[in-house]
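The chain contents come next:
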Amino acid sequence: MRLSSLTEGAADALRSAGAFLSAMRTPIVRLGVTGLARSGKTVFITALVRSLIAGGRLPFFAALAEGRITRAYLEPQPDDTLPRFAYEEHLCALAADPPQWPESTRRLSQLRLTIEYASAGGLRRRLGPGKIHVDIVDYPGEWLIDLPLLGQTFADWSRQAVAEARQRDFVGPAAAWLSFMAGLDPSAPANEQHALTGADLFTRYLTARHAEDAFRFASGPRRFRMPGDLEGSPLLTFFPLPSAGDDVHPRASLGAMLARRFESYKSRVVAPFFRDHFARLDRQIVLIDALAAINAGGDALQSLQQTMQAILLCFRPGANTWLSSILARRVDRLLFAATKADHLHHVNHDRLEGILRVLAERAIGRAATAGAEVKVIALAALRATREAELRRGRERLPCIVGVPLPGERVGRKVFDGRAEAAVFPGDLPVDPQRLIALSAPQSEGSEEMRFVAFRPPRIALDAPSGAAPPLPHVRLDRALEFLLGDRLA
Ligand SMILES: Nc1nc2c(ncn2[C@@H]2O[C@H](COP(=O)(O)OP(=O)(O)OP(=O)(O)O)[C@@H](O)[C@H]2O)c(=O)[nH]1
Ligand SMILES: [Mg+2]
């Protein structure tokens, strides 16, 4: 080895040590953005970054409203192995003609937002300007469904998944998978071809079932449907066995191989995702799209409640030994947000918050007991509608006006994605239990409620004046104040 390469190495080490030390000096807030698929994570993160970088109209976010944020910018994210959150790409989609929402997220990404600010007063003001990093990851919400797997054995999971597959008469994909398994002997020697065929049939069944009814379908593993970098990996080449029971499979048998791969999936895929991205959070926002569940009708709200309960239970410190060991750090502020509140007139926002309180009741209770500050709000990170009143006879109906996405319908009217429309989505019931109550068929009132999806507002990348116009939102400022306000005081 040449001396110069040694000195270069030393210089590199010094440089990284310098960067490390300077990063050590700057406080970091790790903000968890948690939510199922399509709940609004990517839009929330994009709107948050844009509002801080370009300056938003955020009267209830004190640091910005008081003009104390001197600069906010994206820095290289701390983890070199993760791609950066595609902020610019999402902005470009919103600036297109017609504007587009970001696509469903298919892989992990991360961002570090650095905020330079002046303290509000007192001792800190005298200490000079402050700086914090806000680290956020974005991921496919689908993957969240896998967290509860961590508490299951292969036998538990097999029992649940096979029972689910048999629940309804699935003449198509479930039948093909179930009949394939009927001819299998789990104690026979392991056979890779059987594992591949079974996993393929199982994946087809998962995909078909999810397409039919995403809301009522809770089973993982979700990477089968959205493999990311794991496509074709043996980590995804397994399936549940009907005869798994509690029996122990002979060594080198098919059953033993599938059980081992299930355990590898947990320890190599689910656990690292959880450990690397959720275990060290300081603050967390949980986004819940209750309106989509109301749209789905029937018991979709109950299913959403159960799914969220199962996921949020994983965040409970002390839930089991493995998790409690990595959950030493505790989230001290937890915000539950009902997203897409711009689908409703503001007179209904309190009721939407009421529904969310019931949906997340247990998690709210647990977090409060653990000493976290908890808040519930209805928000729209990017407001796509404005409010209006329509007169119907003597009645005044609180409406929202926007451009419904192509294919959206109200009654017989199908929208083309170009024309603006005034929509009366219906009133949420005063008592949230009426919507969520067990065995509520198509609950009273819910037939009249219909939330159409709107095009996002078209945003300007650069205004002629140079300053980008602020993005419209509902209570994004209150969310930011709760999540970051005290760290910028
Ligand atoms: N009207 C309105 N719609 C929103 C808002 N935020 C999200 N949406 C809608 O919800 C959809 C999903 O939002 P995303 O931010 O992509 O959701 P996500 O949680 O990142 O979803 P995955 O990437 O699949 O996990 C968008 O395509 C919009 O249609 C909002 O503030 N207002
Ligand atoms: Mg996303």
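Caption draft 1: Representation of the site of ligand 1 in the model. Neighbouring residues of ligand 1: 21 residues in total, closest K41, T42, S104, T105 and G141. A distance of 3.3 Å separates an oxygen atom of ligand 1 from a polar atom in the backbone of S39. In the model, an oxygen atom of ligand 1 is placed 2.8 Å from a nitrogen or oxygen of the T105 main chain. Protein contact buries 95% of the 650 Å² of open area that ligand 1 shows by itself. Of the residues belonging to the shell around ligand 1, the class tally is 10 nonpolar, seven polar and four charged.

Caption draft 2: Quick look at the packing of helix α11 (residues 300–313) against helix α14 (residues 361–369). Their axes nearest at 9 Å, the elements α11 and α14 cross at an angle of 25°. With respect to α14, the element α11 is oriented roughly parallel. Here α11 contributes Q309, L312 and L313 to the contact with α14, which in turn contributes R362, A363 and R366. Here the contact of α11 with α14 is built from residues that sort into three nonpolar, one polar and two charged.

Caption draft 3: Seen up close, helix α8 (residues 192–212). A rise of 1.5 Å per residue sets the reference length of α8, with its 21 residues, at 30 Å; its end C-alpha atoms lie 30 Å apart and thus fit the reference within 8%. The set of residues buried in α8 consists of A195, G198, A199, L201, F202, T203, Y205, L206, R209 and H210. If you follow the buried residues of α8, they end up packed against α6 (154–167), α7 (173–182) and α9 (254–277).

Caption draft 4: Local environment of the coordination of the magnesium ion (ligand 2). Of the protein atoms, only T42 (OG1) and T105 (OG1) coordinate the magnesium ion (ligand 2), at distances of 2.0 Å. In this pair, T42 sits in helix α2 (residues 41–54) while T105 sits in the loop between α4 (87–95) and β3 (109–117), placing the two residues 63 residues apart along the sequence. Across the pair, exposure class does not vary: T42 and T105 are buried alike.

The rules behind the values
- Residues numbered from 1 in each chain as written.
- Chains lettered and ligands numbered in written order.
- Predicted model: local features only at pLDDT ≥ 70, side-chain atom pairs only at ≥ 80, totals over all residues.
- Heavy atoms only, no water.
- Near = heavy atom within 4 Å.
- Polar contact = N/O pair within 3.5 Å; in protein donor to acceptor, adjacent residues only side chain to side chain.
- Areas by Shrake-Rupley, 256 points an atom, 1.4 Å probe, with all protein chains shown as cover.
- Nonpolar A, V, L, I, M, F, W, Y, C, P; charged D, E, K, R; others polar.
- Axes fitted to C-alpha atoms, helices over the stretch in contact; angles between N-to-C directions.
- Helix = DSSP H or I, 4+ residues; strand = E, 2+ residues; numbered from the N terminus.
- Parallel < 35°, antiparallel > 145°, perpendicular 65-115°, else oblique.
- Contact = heavy atoms within 4.5 Å.
- Expected span 1.5 Å × (residues − 1).
- Buried < 20%, exposed > 50% of the residue type's maximum accessible area, 1.4 Å probe, protein only.
- Donors = N, O, S within 2.8 Å, 3.2 Å for Na, K, Ca; no water.

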